[in-house]
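# Report on the structure
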Amino acid sequence: MNLLTEIREGLSISWWAIRANKLRSGLTTLGIVIGIVTVSLMATAISGLNQAFLRSVAAFGSDVYYVEKFPWESDDMWWKINNRRDFAISDAHVIASEAKHVQAVSVEASGNWPVKSRDRTAGSVWVVGNNEQSALVRQLNLEEGRFFTEAEVDGARPVCVLGAEIAQKLFPRESSVGKQVKIGEGNFEVIGVNEKFGPFLFGNMDHQVIIPITRFLSDFTHRPYLFFMVKVRDAAQMAEAKEELRGVVRKLRKVPPGMEDDFAINQQDILIQKFHQVGGIIATVGLFITGLSMFVGGIGIMNIMFVSVAERTREIGIRKAIGAKRRTILIQFLIEGASICLLGGLLGLAIAFPISLVLKKYLPATMSLAVVGLAILISLFTGVVSGLLPAARAARMNPVDALRSE
Amino acid sequence: MNLIRLQSISRRYQMGAELVHALRDVSLTIERGEYVAIMGPSGSGKSTLMNLIGCLDTPSSGRYELNGTDVSEMNDNELAEIRNREIGFVFQTFNLLARSTALHNVELPLIYSGINSEERRNVALAALADVGLTDRVQHKPNELSGGQRQRVAVARALVNKPSILLADEPTGNLDSKTGIEIMALFQELWQKGNTIIVVTHEEAVARHARRLIRIRDGLIASDETAAIDP
């Protein structure tokens, strides 16, 4: 008897066996279902998180230094660095003119305020104060209109650039450029709208409103947390640029030689490192949960396969009496175990898929074909492994004893 | 060459602490085309003898040649192949696969001998026609009467053209009228040239055979070929 016929026969037998014991098979696969839901969602979420992160980090710019009062990651106690001096807008001009490696400096400050059009309100909007170089440094692309000019920054003009989502929210049916909006208590003219950015891990880029930093200081808060995004002219000379930048800022803040910096030069690398740590933890936990539920599921399958073998002892005897070899019986029960698990896996995928669609709202996460393939492979593997012992017991049965059983 | 040649066959079982001698030094030959009945009270060893002849079991000692091949030392898989090719079983309880149609039940031995599906179907249909069940091929066992089920079992037993048709109490689960019909079918099959061995404790069934072997306490008590006319 060739293998193909054996497999086909095994498939039809197991199809029958599963159909005849729907409830039992369904309950048995629960562990597998949970395992597959976990593994597929976990894999989808991790790949989504990765994509979102890479996009988000790209938004930070690989050739950008963040000159700030505080470091992103520090072992220092807060009280050691807490009373560092704030930066001022004028510092940006000094950095831009003194540091030769620097192409542009964006001044950054932000807070949350409501933004209103004539008849609509957007609750808590991320209001960002920028200068005219920010569009270049922050890689902002405009959907329509323009970014503000140096003159508008210097004159603290009441103009603003809306994020795509805000523009859509406040002016759903018309272009927002040229319209008036109220940010906090002040009236601003919309001069531009940003392109849609999409999911972003550190806030919502599409839910921001950008105004001149000068206006931000006069209208909203006099002492914001001000920092600079410094774009380096040549990405190949990042290290040199950092040294030069450090010197310029030390001089600017009059740090005496021998004293520690009273500021920090941050870079996206720090975020990437942190992300890999977190990603590793998520993957490990996910793997553990998946492994555990597949293990428990596998035990369940093994149990039910033992039951199935015991119930069908007589059938095994009949088949052996008329010429079924050990391999035939073994394959029959292995296929049955694998089929139950496969069904569990498909059920798991069917449950995980709609959840992944919900996930998609928050992360660029799509359940890929690779994830589906992985899930199917894992469930088949579990089925075969846990079917092995019961199938071997069936295959080794003595036909005389098997025929005698009731 | 003898079809079946048993030489000093013994079969012992361990049952708990007790060693049971089911067969003691039995020697027996059966020729092609014989119609043999094996009789004996329960516990006499006749079932053990049947299992050995049917290659379901192997002897503890002694030699069993089937068709000139020594099968007493064969392993599981080789025995499965021999059973598939050489032996056709008919059981008291029919032993059909309950959820398969008559046709599929009859096809099963052909599946195990690796015959392709088209030929399989034709051969199985022919075997069912031979036992008069052409109009019942798609019925499942529970849709058939006892006699019809036993006919399916006979068709399954003969579908691979085995050397021996081995029947264990073939009428045990049938009413007497149906039993007579089945025995008539056996008679017809024997006349067509099949070798038939029937294990039974019913004299009426045994009377159909041309040779009667009585077993008692694991030994052959008598072995006579009667000139009974069918």
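Now for a look at the structure at hand. Because the structure is a prediction, the values reported are computed rather than measured.

### Points about the overall build of chain B
When its secondary structure is counted, chain B shows seven helices and 10 strands. Each principal axis of the C-alpha atoms in chain B carries an extent, and together these give about 50 × 40 × 40 Å. Each of the 230 residues in chain B was classed as buried or not, and the buried ones make up 46%. Intrachain contacts of chain B at a sequence separation of at least 6 include 68% that bridge at least 24 residues.

### Quick notes on the sheet that holds strand β8 (residues 195-200) of chain B
Residue and element names in this part refer to chain B. Taken in spatial order, the six strands line up as β6-β7-β8-β3-β9-β10 in an open sheet, and their pairing is mixed. Of all strands in the sheet, those bounded by a partner on one side alone are β6 (87-90) and β10 (219-225). The mean angle between the axes of side-by-side strands here comes to 15°, regardless of whether they run parallel or antiparallel. Strand direction decides the pairing type here: strand β3 (residues 35-39) and β8, joined by five bridges, are parallel. By the bridge assignment for β8, isoleucine 38 is matched with valine 199.

### Describing the interface of chain B and chain A
Listed by partner, the interface residues are 20 residues for chain B and 17 residues for chain A. At the level of elements, α2 (76-86) and α3 (102-112) of chain B are the ones that each hand at least two residues to the side of chain B that touches chain A. Top contributing element to the side of chain B that touches chain A by residue count: α2 of chain B, with six residues. Of the residues that constitute the side of chain B that touches chain A, the class distribution is eight nonpolar, six polar and six charged.

### Things to note about the nonpolar core
With 110 residues, the main nonpolar core has Ile38, Val106, Leu128, Ala155, Leu165 and Leu166 of chain B as its most contacted residues. Element by element, the count of residues in this core is highest for helix α13 (residues 326-359) of chain A, at 12 residues. Leucine 166 of chain B has contacts with Met50, Ile53, Gly54, Ile87, Gly88, Phe89 and Ile197 of chain B, leaving out every residue within four places of it along the chain. Ile95, Val127, Val249 and Ala264 of chain A belong to the second-largest nonpolar core, a separate cluster that totals 53 residues.

### Brief notes about the sheet that holds strand β4 (residues 61-66) of chain B
Residues and elements named next belong to chain B. As summarised here, the arrangement of the four strands in space is β2-β1-β4-β5, forming an open sheet in which the pairing is antiparallel. Edge strands, defined here as strands with exactly one partner in the open sheet, are β2 (18-30) and β5 (69-70). Bridge count for strand β1 (residues 4-15) against β2 is nine bridges, and the pairing is antiparallel. Bridging from a neighbouring strand, arginine 5 pairs with threonine 29 of β2.

### Description of the pairing of β8 of chain B
Residues and elements named next belong to chain B. Counting buried positions along β8 yields six of six residues, so the element is predominantly enclosed. Alternating residues of β8 divide into Thr195, Ile197 and Val199 and Ile196, Val198 and Thr200, and every residue in both groups is buried. Bridge count between strand β7 (residues 164-168) and β8: five bridges; the pairing is parallel. In the strand pairing of β8, leucine 166 is matched with isoleucine 197.

### Examining the packing of helix α1 (residues 3-20) of chain A against α13 of chain A
Residues and elements named next belong to chain A. The interhelical angle for the contact between α1 and α13, taken along N-to-C directions, is 50°, at an axis separation of 8 Å. Classified by the angle their axes make, α1 and α13 are oblique. Handedness of the crossing formed by α1 with α13: right-handed. Contacts from Glu6, Ile7, Gly10, Leu11, Ile13, Ser14, Ala17 and Ile18 in α1 reach Thr328, Ile331, Gln332, Ile335, Glu336, Ser339, Ile340 and Leu343 in α13. Among the residues forming the contact of α1 with α13, the class breakdown is nine nonpolar, five polar and two charged.

The rules behind these values
Residues numbered from 1 in each chain as written. Chains lettered and ligands numbered in written order. Predicted model: local features only at pLDDT ≥ 70, side-chain atom pairs only at ≥ 80, totals over all residues. Helix = DSSP H or I, 4+ residues; strand = E, 2+ residues; numbered from the N terminus. Buried ≥ 20, exposed ≤ 12 C-beta atoms within 10 Å, placed from the backbone. Contact = placed C-beta atoms within 7 Å. Pairing = 2+ DSSP bridges. Axes fitted to C-alpha atoms, helices over the stretch in contact; angles between N-to-C directions. Nonpolar A, V, L, I, M, F, W, Y, C, P; charged D, E, K, R; others polar. Core = buried A, V, L, I, M, F, W, Y, C linked by C-beta atoms within 7 Å. Parallel < 35°, antiparallel > 145°, perpendicular 65-115°, else oblique. Left-handed = near helix turned anticlockwise from the far one by under 90°.

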